[in-house]
Amino acid sequence: MNLHEFQARALLQGAGIPVPDADVASTPDEAARIAQRIGGPVVVKAQVHAGGRGKAGGVRLAKDAAEARERAGQIIGMTIKGLRVNQVLVAPAAEIASESYVGIIVDRASQRAVLMVSPAGGVDIEEVAATTPEKIFRVAIDPRYGLLPHQAMAMAFRLYRGVEPARQAATIMRQLYDVFWRAGASLVEINPLITTPGGQVVALDAKLVVDDNELERRPEIAALRDTTAEAPAEVQAREAGLSYIKLDGRVGCCVNGAGLAMATMDLVKYYGGEPANFLDIGGSSNPQKVVTALQIITADPNVKSILFNIFGGITRCDDVANGIVTATGQLALDRPLVIRLTGTNEELAVKILEDAGFSALTDMDDAVRRAVELAREAA
Ligand code: GDP
Ligand code: MN
């Protein structure tokens, strides 16, 4: 789950990290009032679950309240990476002497949280990693001890020569690990972490992604979810108990089981296609889940063919077949469907589908190849 910048800033502040006081607004007038209260120049920032807001025009400076109103008017309602901006953050404009990057991610290779820092801050860390990887420094954190003072200090000296800013940065890194740990985060980032002309080290931006599996025991974090800021298809999928991730290809995939879904995507690629999504309808599939799954898949205009790949274990093939028949009745499906099912109640499922005018395959290779072909023909 993604948090908004203003939510992440509050968590950072709660841990003692210096973050300029700011507020959120949903209208230009509100933005002007906040700017008035702050006094002096402000920065107006789009609150969306997307990075690179600066480049997209979603972060703008304003010299006074009137200009803040104007900037907010431009930013609220704009779309960044497909997401509509509903709110802006209004913060005092900071004077920047230097920008660096500090982040903590879960790293599979070391099976640890890893602190990453870079003196090349303010730009996308992915870009730094691609072009100047030697400017990124890492240290793995042992969960038994947390980020130790000497580790933080060593990383801080990768950012600053002076002892004063390094001390401040080291403290911030340890506070950041505290936030990371307490929120059940999979990623937390300050980019940029700045120094002011006066030598203060301050967090100007905050990004925090919470591991969904950590939400159940952290109701106060779970309550921060903003469904209006999430992709509608992903909200619909989550509410229906489906795991759905949108991708950019043309073959819509509807599969039961995460492993089979991954194998299906691999095979789509193997036969020269690109999956339009990952979708796991889960174990005991009632027909309604299949209906919702088809609604979500067909709402994506990139989808040119739809592939069902069902292995009936706990999932009964006849339930899925009934779902397909119900859904196609409701949806007036305008794209070709390839159905492969095998396992529990397979014969019954085939009969249900054939009675409704569909055919079903049992071989996974045949089905995937056919779906890729159909998507290509539609191109
Ligand atoms: P992002 O592009 O989504 O990561 O948004 P950021 O909050 O990181 O803002 C992008 C860039 O805008 C930063 O790297 C800064 O260079 C600049 N910026 C953000 N806030 C301020 C500010 O208060 N003062 C100044 N001068 N620049 C700012
Ligand atoms: Mn940033």
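This structure is a prediction, so every number in the text was calculated from the model and none was measured. The written sequence of each chain sets the order in which its residues are numbered from 1. Just so you know, chain letters begin at A and ligand numbers begin at 1, following the order they were written in. Only residues with pLDDT of at least 70 get local features here, since the model is predicted, and only at 80 or more are side-chain atom pairs given and counted; chain-wide, interface and lining totals rely on the full set of residues. In computing side-chain values, all of the structure's heavy atoms are included and hydrogens and water are not.

*Asks:* Hey, could you run me through helix α3 (residues 65-75) in this one?
*Replies:* Along an α-helix, residues three or four apart share an orientation, since each turn contains 3.6 residues. All buried positions along α3 are accounted for by A65, E67, A68, R71, A72 and I75. Take α3 and look down its axis: the buried residues cluster within an arc of 150°, on one side only. Here the buried face of α3 lies against α2 (28-38), β2 (42-46), β3 (59-62) and β6 (88-92). What qualifies as a polar contact is a pair of N or O atoms within 3.5 Å, subject to a donor-acceptor requirement within protein and to the restriction that residues adjacent in sequence count only when both atoms come from side chains. Secondary structure follows DSSP: runs of H or I at least 4 residues long count as helices, runs of E at least 2 residues long count as strands, and numbering of each begins at the N terminus. Where α3 begins, the capping side chain belongs to D64, and its oxygen is found 3.3 Å from the backbone nitrogen of A66. Two residues or fewer past α3, G77 is found with a positive phi of approximately 100°. Only protein chains enter the accessibility calculation, which uses a 1.4 Å probe. A residue is then buried if its area is under 20% of the maximum for its type, exposed if over 50%, and partly exposed in between. The reported arc concerns the directions from the helix axis to the C-beta atoms and nothing else. Residues are treated as being in contact if the distance between any of their heavy atoms lies within 4.5 Å.

*Asks:* How should the coordination of the manganese ion (ligand 2) be read in this particular structure?
*Replies:* Tetrahedral coordination by four donors puts the ideal angle at the metal at 109.5 degrees, and octahedral coordination by six puts it at 90 or 180 degrees. N191 (O) and D205 (OD) make up the full set of protein donors to the manganese ion (ligand 2), lying at 2.2 Å. Taken together, the residues span a long stretch of sequence, with N191 in strand β10 (residues 185-195) and D205 in the loop between β11 (201-203) and β12 (207-210) at a distance of 14 residues. Here the two residues N191 and D205 agree in accessibility, since each one is buried. Any N, O or S atom lying within 2.8 Å of the metal counts as a donor, and for Na, K and Ca the limit rises to 3.2 Å; water is left out, so some sites can look incomplete.

*Asks:* Sorry, what's going on with unusual backbone geometry here?
*Replies:* Excluding glycine, residues mostly have negative phi values, and the peptide bonds linking residues are mostly trans. Residue N191 is joined to P192 through a cis peptide bond whose omega torsion reads 15°. Mapped onto the elements of the fold, P192 is located in strand β10. Positioned with a positive phi, Q111 is a non-glycine residue whose angle comes to about 55°. Residue position: Q111 is located in the loop between β7 (98-107) and β8 (112-118). For A332, which is not glycine, the phi dihedral falls at a positive 50°. Secondary-structure assignment places A332 in the loop between α11 (317-331) and β17 (337-343). The class of A332 is exposed, set by a relative accessible area of 62%.

*Asks:* How do you make sense of the pattern of salt bridges when you look at a structure like this?
*Replies:* Close approach of charged atoms lets side chains of opposite charge pair. What makes a salt bridge here is a side-chain nitrogen of Lys or Arg within 4 Å of a carboxyl oxygen of Asp or Glu, nothing more. Here the structure, examined in full by the defined rule, presents 26 salt bridges. Two residues, R69 and D29, come together in a salt bridge whose shortest N-O distance is 3.0 Å. Of this pair, R69 sits in helix α3 while D29 sits in helix α2, and the two are 40 residues apart along the sequence. The shortest N-O distance in the salt bridge between E67 and K63 comes to 2.9 Å. Here K63 falls in the exposed class, since its relative accessible area comes to 57%. By sharing partners, the salt bridges in this structure join E5, R9, K45, R53 and D205 into a single network.

*Asks:* Please clarify how the site of ligand 1 should be interpreted in this entry.
*Replies:* Nearness is judged by heavy atoms alone; a residue qualifies as near a molecule or strand once a single heavy atom is within 4 Å of it. Around ligand 1 there are 17 residues in total, and K45, R53, G54, A94 and E99 lie nearest to it. Between ligand 1 and the protein, one listed contact pairs an oxygen atom with a side-chain N or O atom of E99 at 2.8 Å. The separation between an oxygen atom of ligand 1 and a polar main-chain atom of N191 is 3.0 Å. Burial of ligand 1 by the protein chains amounts to 80% of its free accessible area of 570 Å². If you list the elements that add at least two residues to the shell around ligand 1, you get β2, β3 and β10. Here the shell around ligand 1 is built from residues that sort into nine nonpolar, four polar and four charged. Where each domain begins and ends is defined by an automated method or by a domain database. Looking at which domains feed residues into the shell around ligand 1, each of domain 1 (22-92) and domain 2 (98-222) gives three or more. Methods summary: accessible areas were calculated by the Shrake-Rupley approach with a probe of 1.4 Å, and residue burial reflects only the protein chains presented. Note on residue categories: nonpolar means Ala, Val, Leu, Ile, Met, Phe, Trp, Tyr, Cys or Pro, charged means Asp, Glu, Lys or Arg, and polar means any other residue, Gly included.

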